[in-house]
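Close look at the chain arrangement
What follows is the residue order along each chain.
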Amino acid sequence: MVEFKNRYMVMEVFLDPNKENLGDDPIVVTQFNISKAIKDSILVNFGECGLASSLGSFQVKYVNPITKLCVIRASREDYQKIWSAISLVRSIGSCPVLFNLLDLSGSIKACKNAALKCDELKFEQYKLMVGARLSADVTQHMQNCLEKIKILEH
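Small disclaimer: the values here were computed from a predicted structure and weren't measured.

Basis of the calculations
Residues numbered from 1 in each chain as written. Predicted model: local features only at pLDDT ≥ 70, side-chain atom pairs only at ≥ 80, totals over all residues. Heavy atoms only, no water. Salt bridge = Lys/Arg side-chain N within 4 Å of Asp/Glu carboxyl O. Buried < 20%, exposed > 50% of the residue type's maximum accessible area, 1.4 Å probe, protein only. Axes fitted to C-alpha atoms, helices over the stretch in contact; angles between N-to-C directions. Helix = DSSP H or I, 4+ residues; strand = E, 2+ residues; numbered from the N terminus. Parallel < 35°, antiparallel > 145°, perpendicular 65-115°, else oblique. Left-handed = near helix turned anticlockwise from the far one by under 90°. Contact = heavy atoms within 4.5 Å. Nonpolar A, V, L, I, M, F, W, Y, C, P; charged D, E, K, R; others polar. Core = buried A, V, L, I, M, F, W, Y, C linked by side-chain atoms within 4.5 Å.

Per the counting criterion, the structure on display carries 3 salt bridges. In this structure, the salt-bridge partner of Lys81 is Asp78, at a minimum N-O distance of 3.7 Å. You'll find Lys81 and Asp78 in the same group, each marked buried.

Encoded structure:
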């Protein structure tokens, strides 16, 4: 049996980098939104053949809408194409975005550890920024996201 070799990218999503958001974010970052934006970018920049070859192992494995962190899986052969397509994504819906690669690894376990560390640090930063306005719902949602990332291997 042949084992498929994958690469895992821990990405940070910056929403509206040139505009201050005083309220909630204009869109909710979801697996569907990110996946659609990346697939559209692959289609525009590499054509139908590039998209078809990339879809075999492409998957957005994890998204945290609070810390804007996501984990993306790609095949070892196509990860550079997907990475470059991610770099060329300029918007999700009508909201301008930028992606920042935080970690690239060949195993889901190493990726999980990097994502968990980044998520915890970003949530601490979020708590300091929000201060007393932090609701119990947000804290519970963040705990659920951390649990999801801990079982990412399965």
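This paragraph deals with the packing of helix α1 (residues 31-54) against helix α2 (residues 79-87). At a minimum axis separation of 8 Å, α1 and α2 run at an interaxial angle of 160°. As the angle between them shows, α1 and α2 are arranged roughly antiparallel. You can see that α1 and α2 cross each other, and the crossing is right-handed. Side by side, α1 and α2 meet where Ile38, Ser41, Ile42, Phe46, Gly50, Ser53 and Ser54 of the first sit next to Lys81, Ile82, Ser84, Ala85 and Ile86 of the second. Partitioning the contact of α1 with α2 into residue classes produces 6 nonpolar, 5 polar and 1 charged.

Ile34, Ile38, Ile72, Ile82, Ile86 and Phe99 are the most contacted members of the largest nonpolar core, which totals 26 residues. Breaking this core down by element, the ones donating at least two residues are β1 (6-15), α1, β2 (59-64), β3 (69-75), α2 and β5 (95-105). Ranked by residues supplied to this core, first place goes to α1 with 5 residues. In contact with Ile38, not counting residues within four places along its chain, are Phe58, Ile72, Ile82, Ile86 and Val89. Membership of the second largest hydrophobic core comes to 15 residues, among which are Tyr62, Phe123, Met142 and Cys145.

As far as function goes, none of this settles anything; it's purely spatial.
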